[in-house]
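# Commentary on secondary and tertiary structure
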Amino acid sequence: MEVIAGGSSMRADVLSDTTNQPATSVNRPRLKRSIEFWDPSGTVMLISGSVAFRIHQEPLGCHSLIFRKLFSIPRWQDVADQLDDCPIIRLPDNPFELNLLLRAVLNTDRSVIGNTGSHARPKFSDVAAVVRLGYKYEMDDIWNDALDKVTPFFTATFPNWDSLEHYMARAPFEIGLRDAIVAVSLAHLTGAITMLPLAFYMCCQLEGDLLKGFARNGRRERLCLDDQIKCASGKELLERGAALVLFRVFRVYQGKVRPQVSCCKRAHLEAFRRCLSRFKDGIKDEVKNALDSQLDRIDNIQKFCPNCLAALRERELEARREVWEELPLYFGVGTQCWPTDAGDI
Ligand SMILES: [Zn+2]
């Protein structure tokens, strides 16, 4: 971890500029005081990018083992550079994300990790930033609290959703498919490997972003090569799994349909023929989302009577659950934390 105690007189000049004193050079980068975290009586100044945060060191040391060790060094302030008679610590983090972390540290706004009762949903990316920075600075209570907000979403229990899209819309935070790339890195970082199967599954729904990743807060979020390979092979297995779901629903034994749908035999045989034809070459991209309900994509599904349709939906749910149980195996993830029999398959 990089914590740099130091600074420069140039930055001091520029900070002075924010107090309406003339800057010595217009070409120098401007250092701005944080609007949210600037206490004139603060005992330490954190500088991140072009933003300076002046706070008291006690809460920082209380939460962070890293800072606690630093502050325990006798007269540490004497070796640190000073700005406005305050010791400064330069941090390499994004100032927006550091601001989020300080909200958790100073308890001024816990909404980012959902502790204020606010109705506004935090962004997954904000919660993830708190996990990542909290972990980095060894703030165990803070990153664990934040991680606890996202792990129920990346569940190991079959979520029984209509569609992944609806499941994401109901999440306690704003989340998009691209965030799954971040979720994978959080799982690796914190050891929360139970998050991985669903995170990888979501990654498989990405198109170009899966390989090239995306930029956020000055950082490129992308899967490592090993994880890209896992997703590529997992996608193939998902395509096969999606085909098997409908096959399991409509399979016909020796020309006979399942007894539960015998009154709609003609519709059943027709559906079986159509679902088989859907999995010919060229439509694979439509079926990688194997955990969504697919029955309504069968053209003649409305020709079944209500009782038979209900039986089909029940059978499909069972088949989708079987895919879910195999999800860790699709992506080469250990099944130790997966509460199914998948590990025995
Ligand atoms: Zn029927």
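See above for the structure.
Residues numbered from 1 in each chain as written. Predicted model: local features only at pLDDT ≥ 70, side-chain atom pairs only at ≥ 80, totals over all residues.

For the chain, the count of helices and strands is 14 helices and eight strands. Each of the 345 residues in the chain was classed as buried or not, and the buried ones make up 36%. The contacts of the chain with a sequence gap of at least 6 include a subset with a gap of at least 24, amounting to 60%. (Helix = DSSP H or I, 4+ residues; strand = E, 2+ residues; numbered from the N terminus. Buried ≥ 20, exposed ≤ 12 C-beta atoms within 10 Å, placed from the backbone. Contact = placed C-beta atoms within 7 Å.)

This part covers the pairing of strand S4 (residues 51-55). With five of five residues buried, S4 lies mostly within the body of the structure. Neither face of S4 is left uncovered, since the one carrying Val-51, Phe-53 and Ile-55 and the one carrying Ala-52 and Arg-54 both have all their residues buried. When strand S2 (residues 32-38) meets S4, the two strands line up parallel, connected through three bridges. The residue of S4 that forms the bridge with Arg-33 is Ala-52. Pairing of strand S3 (residues 44-48) with S4, which is carried by five bridges, proceeds in the antiparallel orientation. Along S4, the bridge assignment pairs Val-44 with Ile-55. (Pairing = 2+ DSSP bridges.)

Attention shifts here to unusual backbone geometry. The backbone phi angle of Arg-75 is positive, close to 55°, even though this residue is not glycine. Within the fold, Arg-75 resides in the loop between helix H3 (65-72) and helix H4 (76-79). Owing to 7 C-beta atoms within 10 Å, Arg-75 belongs among the exposed residues under this scheme. Of note, the phi angle at Asn-217 is positive, near 50°, even though the residue is not glycine. Assignment of secondary structure puts Asn-217 in the loop between strand S7 (214-216) and strand S8 (219-221). Asn-217 gets classed as partly exposed once you count the C-beta atoms within 10 Å, which come to 14.

Counting residues in each nonpolar core, the largest one holds 83 residues, and the members touching the most others are Phe-53, Val-130, Ala-183, Val-184, Ala-199, Phe-200 and Cys-203. Each of domain 1 (1-92) and domain 2 (227-344) gives at least three residues to this core. For Ala-199, the residues in contact, after removing those within four places along its chain, are Phe-154, Ala-180, Ala-183, Val-184 and Ala-187. (Core = buried A, V, L, I, M, F, W, Y, C linked by C-beta atoms within 7 Å. Domains from an automatic or database assignment.)

On to helix H7 (residues 140-150). All buried positions along H7 are accounted for by Ile-142, Trp-143, Ala-146, Leu-147, Lys-149 and Val-150. Buried residues of H7, seen end-on, are gathered within an arc of 150° and therefore sit on one face of the element. Structurally, H7 contributes buried residues whose contacts are with helix H2 (57-63), helix H5 (95-106), helix H6 (124-136) and helix H9 (179-190). (Arc of directions from axis to C-beta.)

The next point concerns the packing of H6 against H7. Remark: H6 packs on H7, axes separated minimally by 8 Å, with the N-to-C direction vectors making an angle of 150°. Looking at the two axes, H6 sits roughly antiparallel to H7. Along this stretch, H6 crosses H7, giving a crossing that reads as left-handed. Contacts between H6 and H7 pair Phe-124, Val-127, Val-130, Val-131, Gly-134 and Tyr-135 from the former with Ile-142, Trp-143, Ala-146, Leu-147, Lys-149 and Val-150 from the latter. (Axes fitted to C-alpha atoms, helices over the stretch in contact; angles between N-to-C directions. Parallel < 35°, antiparallel > 145°, perpendicular 65-115°, else oblique. Left-handed = near helix turned anticlockwise from the far one by under 90°.)

In this section: the pairing of strand S6 (residues 86-91). Direction of pairing for S3 relative to S6: parallel, over a ladder of four bridges. Bridged to Ser-48 within S6 is Leu-91. Sheet topology note: the strand S5 (residues 82-83)/S6 ladder contains two bridges and is antiparallel. Its bridge partner being in S6, Gln-82 is matched across the sheet by Pro-87.

Mapped onto the elements of the fold, Cys-308 is located in helix H14 (residues 306-330). Measuring from C-alpha to C-alpha, the distance between Cys-308 and His-268 comes to 9.3 Å, with 40 residues separating the pair along the chain.

Here H9 contains twelve residues, and its C-alpha end-to-end distance of 16 Å stays within 8% of the 16 Å for a straight helix at 1.5 Å per residue. Those residues of H9 not exposed but buried are Asp-179, Ala-180, Ile-181, Val-182, Ala-183, Val-184, Leu-186 and Ala-187. Against the buried residues of H9 lie H6, helix H10 (196-203), S8 and helix H12 (225-250). Looking one or two residues beyond H9, the residue adopting positive phi is Gly-191, at roughly 85°. (Expected span 1.5 Å × (residues − 1).)

Topologically, Glu-165 is positioned in helix H8 (residues 164-169). The exposure class assigned to Glu-165 is exposed, which follows from the 12 C-beta atoms found within 10 Å. Each C-alpha atom of the pair Glu-165 and Leu-177 lies 9.0 Å from the other, and the pair is twelve residues apart in sequence.

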